[in-house]
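Structural overview for review
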Amino acid sequence: MKVPSKIFIVGPMGAGKSTIGKQLAAILKLEFLDTDADIQRRTGVDIPTIFEYEGEEGFRKREAAVIEELTEKDQLVLATGGGAVTVDANRRNLAARGFVVYLECSIDQQFERTAKDKGRPLLDTNDPRAKLEALMEERDPLYRETADMVISTEQRGASTVAKEIIRRIEEL
């Protein structure tokens, strides 16, 4: 299979969606966009501020509008937020408009990579590990339902994973 001109990356926080997405876009000479970064650019505030004033529901509405728009673009690698798949319209748009890669990783890796990150409003809790476990239980089936490919990022570098994605797509 020829490498698609639109690759959308889904997966939990800490899986490496943005880092791997940038590597993938650079190798394929495609534009890289990140839904969270785009929302921040458009609003002029960070994600925790949006959650504070609009709640998760308000953030998800903004995210759905961005995904609706950006999935129409061509020549693109798009990294989505971890919860993007919780909205039906997002799953439909991602699956219908491009090739979806689910970056899978363990709760341990997610916890390690997000432990010091204050920009994760869903982890602003007394037990972030339990929250990560609950989110994964809810979202893993949605990631799998949406994805054309599942690839582990567990203890692997971004460049290695990006190259494996390309190799596996070409083998399809």
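Bear in mind the structure is a predicted one, so any value in this text is a computation, not a measurement. (Residues numbered from 1 in each chain as written. Predicted model: local features only at pLDDT ≥ 70, side-chain atom pairs only at ≥ 80, totals over all residues. Heavy atoms only, no water.)

Considerations on the sheet that holds strand 2 (residues 31-34)
With respect to topology, 5 strands assemble into an open sheet ordered 2-3-1-4-5, the strand pairing being parallel. In this open sheet, the two strands that pair with only one neighbour each are strand 2 and strand 5 (149-152). Ignoring which end each strand starts from, the neighbouring axes of this sheet average 20° apart. Here 4 bridges tie strand 2 to strand 3 (residues 76-79), and the two strands are oriented parallel to one another. By the bridge assignment, D34 is partnered in strand 3 with A79. (Pairing = 2+ DSSP bridges. Helix = DSSP H or I, 4+ residues; strand = E, 2+ residues; numbered from the N terminus. Axes fitted to C-alpha atoms, helices over the stretch in contact; angles between N-to-C directions.)

A word on the pattern of salt bridges
According to the stated counting rule, one finds 20 salt bridges in the structure shown. Across the pair E31 and K73 runs a salt bridge, and its minimum N-O distance is 3.4 Å. Here E31, found in strand 2, pairs with K73, found in the loop between helix 3 (47-70) and strand 3; they are 42 residues apart in sequence, far enough to count as distant. In this structure E31 comes out as partly exposed when scored by relative accessible area, which is 35%. Residue K73 is classed as partly exposed on the basis of its relative accessible area, which comes to 32%. For the salt bridge of R41 with D38, the shortest nitrogen-to-oxygen distance reads 2.9 Å. Separated by 3 residues within a single helix, R41 and D38 lie in helix 2 (residues 35-43), roughly one turn from each other. Of the residues examined, R41 reaches a relative accessible area of 57% and is grouped as exposed. (Salt bridge = Lys/Arg side-chain N within 4 Å of Asp/Glu carboxyl O. Buried < 20%, exposed > 50% of the residue type's maximum accessible area, 1.4 Å probe, protein only.)

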